[in-house]
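Now for the letters of each chain:
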Amino acid sequence: MLSALDAADSLAPFRTRFALPAGIVYLDGNSLGPLPAATPALLADAVTRQWGTGLIRSWNDEAWIDLPATIGAAIAPIIGAPPDCVIACDSVSVNLYKLAGAALMLRPGRRKILVEAGDFPTDRYILDGLARTTGARCEAVPRGDVAAAIDGDTALVVLSHVHFSTGAVHDMAALTAAAHAAGALILWDLSHSAGALAVALDADNADFAVGCGYKYLNGGPGAPAFAFAAARHHAALQPPLQGWMGHAAPFAFAADWSPAPGIRRLLAGTPPVLAMAALAAGVATFAGVDMAAAEAKSAALAQCFARLAAARCPGVAVEMPHRLRHGAQVVLRHPQARRVMAALIAHGVIGDCRPPDRMRFGFPALYTRFADIGIAVDTLAAVLASGEWQDARFDALGQVS
Ligand SMILES: Cc1ncc(COP(=O)(O)O)c(C=O)c1O
């Protein structure tokens, strides 16, 4: 039955775009995307020819200087944005700081930054730090109370489109409209949506967004992130990090900062060219992919996994809170999640854990097969039945995100 689903899958051919190790079922692309097949040669070319032979000439000859904008433009269709509204640079944390700081300056007199309690920690850390230096205050409310908590003092709402731990999805259009109705701006963290779900930043009228390059976009460990700002904000955008790469004329070496036109003003320092080369190869794995079809396949994989795990794995609780729309992941809860996951990894099925008791399994559409679901559930059922997980060591499970 699972092989029939693979045979009928129109996205199945995209799996050849990845160099996946034999004997492994990789269900952690929501944390670190796998190696694209094209990346080693592209990186080798960037090192040997572009850097080794081209030397400093490659900033122009290979358009290294434009990589943040060209990669941003390639990410744009994946997140439903115009090409000149996305830039690839820095980390999610740093981009969040730049955009949230700029947003506060667009709403002078308002002091509140509203977030969801229990969202990814770095977002809260960054916003608390920003609040401390700007006189703003960060208020965290439970998920269901976000819309009601947007008031006349709210400058900015910051939310993850897909929750990193539970996979729950916010209604981007509705919450964006609610923020705007109160005169506030909204910033979406797309770390668990970009490359996983069909995102429509432009159609949903979002103001700002940030997102990860190393998860679903397959850009490699620690890949640069991206930032989005709607075109209507570009002219007034004053990033709090005024770096020379965001200057209108970086090589004029002027004494004073004057912003580059458009999204480029969000750049701070020199782009990490080798990391950008890997990110470009990762983003290229999405060429020709219809994100609605990708989301539908991930949902089918997730539902299949949830159904089989519920039927065959006693002792785990399946958590899929939003049945209508869900991130490309499923959580199984077990009191000894880390031990069970360690045993699973020892048998070649790789997922990860989030506290206190969540095992997270990701189902990116481009390379996950329905057959993988069967192997993963068989392995989990066997690990649970044998009790071997009780002796599993989990010190090595130090995944960072
Ligand atoms: C929702 C979310 N935001 C931000 C981050 C951190 O991104 P960065 O390490 O690029 O700052 C992560 C990492 O997993 C994440 O899941």
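Residues numbered from 1 in each chain as written. Predicted model: local features only at pLDDT ≥ 70, side-chain atom pairs only at ≥ 80, totals over all residues. Heavy atoms only, no water.

The name that an unreviewed UniProt entry assigns to the protein is Kynureninase, with the source organism given as Sandarakinorhabdus fusca. As stated in UniProt under Sequence similarities (unreviewed entry), the record for the protein gives "Belongs to the kynureninase family." Under the UniProt heading Function (unreviewed entry), the note attached to the protein is "Catalyzes the cleavage of L-kynurenine (L-Kyn) and L-3-hydroxykynurenine (L-3OHKyn) into anthranilic acid (AA) and 3-hydroxyanthranilic acid (3-OHAA), respectively." (UniProt positions renumbered as here; feature names shortened; annotations may be inferred.)

Quick notes on the packing of helix α4 (residues 67–75) against helix α10 (residues 273–284)
Look at α4 against α10: their axes get within 10 Å of each other, and the N-to-C directions meet at 20 degrees. With respect to α10, the axis of α4 lies roughly parallel. In this structure, α4 meets α10 at a crossing whose hand is left-handed. Facing Leu67, Pro68, Ile71, Ala74 and Ile75 of α4, the residues of α10 in contact are Val273, Met276, Leu279, Ala280 and Val283. (Axes fitted to C-alpha atoms, helices over the stretch in contact; angles between N-to-C directions. Helix = DSSP H or I, 4+ residues; strand = E, 2+ residues; numbered from the N terminus. Parallel < 35°, antiparallel > 145°, perpendicular 65-115°, else oblique. Left-handed = near helix turned anticlockwise from the far one by under 90°. Contact = heavy atoms within 4.5 Å.)

Concerning the nonpolar core
Ile79, Trp188, Leu190, Leu201 and Phe228 are the most contacted members of the largest nonpolar core, which has 49 residues in total. In terms of residue count, the dominant contributor to this core is α10 (four residues). Mapping this core onto the domain boundaries places at least three of its residues in each of domain 1 (2–37 + 290–391) and domain 2 (40–284). If near-sequence neighbours (up to four positions away) are discounted, phenylalanine 228 is found in contact with Ala81, Pro82, Cys85, Val86, Leu99, Leu201, Ala206, Asp207, Phe208, Ala209 and Ile263. Ranked by size, the runner-up nonpolar core spans 35 residues in total, among them Cys304, Val340, Cys353 and Val383. (Core = buried A, V, L, I, M, F, W, Y, C linked by side-chain atoms within 4.5 Å. Buried < 20%, exposed > 50% of the residue type's maximum accessible area, 1.4 Å probe, protein only. Domains from an automatic or database assignment.)

Describing the sheet that holds strand β5 (residues 154–160)
One open sheet holds the seven strands; their spatial order is β2-β8-β7-β6-β5-β3-β4, and the pairing between them is mixed. Whereas interior strands pair on both sides, the edge strands pair on one side only; in this sheet they are β2 (86–89) and β4 (137–141). Strand-to-strand twist in this sheet, taken as the mean axis angle between neighbours without regard to direction, amounts to 20 degrees. Bridge count for strand β7 (residues 208–211) against strand β8 (residues 225–229) is four bridges, and the pairing is antiparallel. Across the sheet, the residue bridging to alanine 209 is phenylalanine 228, located in β8. (Pairing = 2+ DSSP bridges.)

Thoughts on the pairing of strand β6 (residues 185–189)
In terms of burial, β6 is a largely internal element, five of the five residues being buried. Because side chains alternate across β6, one face comprises the buried residues Leu185, Leu187 and Asp189, and the other comprises Ile186 and Trp188, equally buried. Here β5 pairs with β6 via five bridges, running parallel. The residue of β6 that forms the bridge with leucine 156 is leucine 185. In this fold, β5 hands off to helix α8 (residues 172–181), which returns the chain to β6; that crossover is right-handed. Of the strand pairs in this sheet, β6 and β7 are connected by three bridges, and their pairing is parallel. Following the sheet pairing, leucine 187 is matched in β7 by phenylalanine 208. (Right-handed = clockwise from strand over helix to strand, strands pointing away.)

Re the domain arrangement of the protein
Splitting the protein by domain gives domain 1 (2–37 + 290–391) and domain 2 (40–284). Its C-alpha centre places domain 1 at a distance of 29 Å from the equivalent point of domain 2. Of all residues in domain 1, Pro36, Met291 and Arg325 bury the most surface against domain 2, accounting for 24% of the area lost on that side. Contributions of two or more residues to the side of domain 1 that touches domain 2 are made by α11 (291–312), β10 (329–333) and β13 (358–362). Considered class by class, the residues forming the side of domain 1 that touches domain 2 number 14 nonpolar, eight polar and seven charged. (Buried area = accessible area lost by both parts, 1.4 Å probe. Nonpolar A, V, L, I, M, F, W, Y, C, P; charged D, E, K, R; others polar.)

Let's talk about the state of the cysteines
Tallied over the full model, the rule gives zero disulfides. The cysteine cysteine 85 is free of any disulfide, with cysteine 89 supplying the nearest cysteine sulfur at 14 Å. For cysteine 85, a relative accessible area of 1% translates into the label buried. No disulfide involves cysteine 212; its nearest neighbouring cysteine sulfur is the one of cysteine 89, lying 13 Å away. On the basis of relative accessible area, cysteine 212 is assigned to the buried category, the value being 4%. (Disulfide = S-S within 2.5 Å.)

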